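Coordinate analysis (summary)
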Amino acid sequence: MLIRSKAPLRLGLAGGGTDIADYYNRYGGYVLNATVDMYAWCTIEPNDSGKVEFIAADLGKKEEYTAAVKLPASSTLPLHTNIYNRIVSDFVKKPLSFKMTTYSDAPAGSGLGSSSTMVVAIIKAYEEWLNLPLGEYDIAALACKIERDDAGLAGGKQDQYAATFGGFNFMEFYENERVIVNPLRLKRWIRNELEASLVLYYTGVSRESANIINEQIQHTQKGDSKNIESMHEMKKQAVFMKEALLKGDFKGFSNCLLYGWLAKKNAASSISNSFLDELYQYAMDNGAESAKISGAGGGGFMMIYCNPCRRISLIKALNQKQGMVLTPSFTETGTQGWTIY
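Report on the accompanying structure. Being a predicted model, the structure only gives us computed values, none of them experimental.

Quick notes on the rules
Residues numbered from 1 in each chain as written. Predicted model: local features only at pLDDT ≥ 70, side-chain atom pairs only at ≥ 80, totals over all residues. Heavy atoms only, no water. Helix = DSSP H or I, 4+ residues; strand = E, 2+ residues; numbered from the N terminus. Buried < 20%, exposed > 50% of the residue type's maximum accessible area, 1.4 Å probe, protein only. Contact = heavy atoms within 4.5 Å. Core = buried A, V, L, I, M, F, W, Y, C linked by side-chain atoms within 4.5 Å. Phe/Tyr/Trp six-rings, centres within 6.5 Å; stacked < 30°, edge-to-face > 60°. Lys NZ or Arg CZ within 6 Å of the ring centre and 35° of its normal. 1 Å grid on protein atoms, 1.4 Å probe; cavity = no way out; pocket = protein on both sides within 12 Å on 5 of 7 lines; lining within 4 Å. Points joined across faces, edges and corners; volume = space filled by probe spheres on them. Nonpolar A, V, L, I, M, F, W, Y, C, P; charged D, E, K, R; others polar.

1. Let's talk about the side chain of S230
- You can see S230 is positioned in helix 8 (residues 225–247).
- By relative accessible area, which is 6% here, S230 ends up buried.
- Sequence-distant contacts of S230, that is, excluding residues within four places in its chain, are made with A263, N266 and A267.

Okay, here's the thing in structure tokens:
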């Protein structure tokens with residue numbers, strides 16, 4: 001028997017950063033995102049070896065343990081062990097024996113939510129294997145708890161909910177861990193136009209999102225007015241962008257992308273740098289109308305909006321650089337699990 005799962009990666013369109021607890025507990029957060037046809041994958045092979053084997057194929061990392069109710073803390077694959085420990089402690093109450101293989105279609109630090117998406121995919125595989133009583137909100141909330149509380153990683157909440165629900169979503173984050181996911185029913189032609197207008201460019205620079213997020217958290221905790229006003233502006237642009245998308249107002253969408261990025265850069269000094277600023281200007285000089293870094297910032301993927309008729313010339317120009325160009329499609333479904341007998 002094999003159990004497999006996948007969870008889609010996401011583009012953070014607007015409001016990213018307002019899903020961090022120190023901000024939304026005080027002011028409430030709004031985030032607009034959409035999942036694309038790039039995934040985190042997980043396979044579980046149950047066995048009677050009395051061992052737990054984790055293989056992160058894309059990272060070239062592997063760990064093996066004697067099956068136990070609680071595995072020791074790991075610096076190599078901390079998320080894998082923390083998820084196992086949470087699943088066992090909360091649900092099965094006994095050791096499990098299996099081999100798990102995981103990999104992601106995007107590199108770590110890409111800004112597409114790859115780490116959190118992997119957590120969702122792994123939880124979904126356990127849910128499929130063990131028939132766990134977990135709905136969509138349950139999976140996303142559990143993923144957040146594992147990353148923030150168990151693994152002690154700084155970050156927001158949008159990635160876990162995007163990977164679980166899939167599609168275009170306007171998300172609301174409030175105190176007491178209250179989250180509302182509002183799926184957007186975009187007309188087909190609007191989705192098509194957006195796909196035709198977007199280019200993803202991997203800068204080739206991976207970054208540790210937790211470091212950037214920690215800087216934002218420190219600013220928010222200190223009541224830094226520049227940081228907080230920037231976050232307010234990002235939240236406002238998420239609302240404007242939602243309205244623009246629903247109406248098919250692509251000029252408005254492009255403006256929101258621009259203003260959201262300008263506001264985000266003011267939230268923390270590490271979000272942008274001279275390399276990213278030069279790359280942004282290069283894209284503008286070669287046909288882009290607006291752009292932003294997806295995720296926390298500092299590197300990863302740049303999401304670029306352009307006139308579809310100029311898309312090919314923009315791609316050719318970007319291909320002269322050292323990074324990688326992708327043209328993903330949007331997906332409508334969230335995480336999925338299945339069993340092969």
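2. With respect to the nonpolar core
- Core analysis: the largest hydrophobic core is formed by 35 residues, its most contacted members being I44, F54, Y84, F98, I123 and Y126.
- Of all the secondary structure elements, the ones that give two or more residues to this core are strand 1 (2–14), strand 2 (29–46), strand 3 (51–56), helix 2 (78–92), strand 5 (98–104), helix 3 (114–130) and helix 4 (136–150).
- It is helix 3 that contributes the most residues to this core, nine residues altogether.
- Excluding residues that lie within four positions of it along the chain, Y126 makes contacts with I44, F54, I83, Y84, I87, L96, F98, M100, N131 and L132.
- Counting residues in hydrophobic clusters, the runner-up holds 30 residues, among them L13, L184, F250 and F301.

3. Concerning the packing of aromatic side chains
- Within this structure, the stated rule accounts for 19 aromatic pairs.
- Their ring planes at 55 degrees and their centres at 4.7 Å tell us that F168 and F330 sit as a pair that is tilted. Of the two residues, F168 sits in strand 6 (residues 168–174) while F330 sits in the loop between strand 11 (324–326) and strand 12 (336–340), which places them 162 residues apart along the sequence. There is no split in this pair, since F168 and F330 are both buried.
- Taken together, the ring pairs in this structure connect F54, Y65, Y84, F98, Y126 and W129 into an aromatic cluster.
- The cationic tip of K235 hangs over the ring face of Y30; the distance from NZ or CZ to the ring centre is 5.3 Å.
- Taking the ring centre of Y282 as reference, the NZ or CZ of K321 above it sits at 4.3 Å.

4. Points about empty space enclosed by the protein
- For the structure on display, the rule yields two cavities of 30 Å³ or more.
- Of the volumes computed, that of the largest cavity is approximately 120 Å³.
- Lining the largest cavity are 17 residues, with L13, A14, G15, G16 and K292 positioned closest to its centre.
- When residues of the lining of the largest cavity are traced back to their parent elements, those giving at least two are strand 1, strand 2 and helix 9 (250–265).
- Its residues assigned to classes, the lining of the largest cavity shows eight nonpolar, six polar and three charged.

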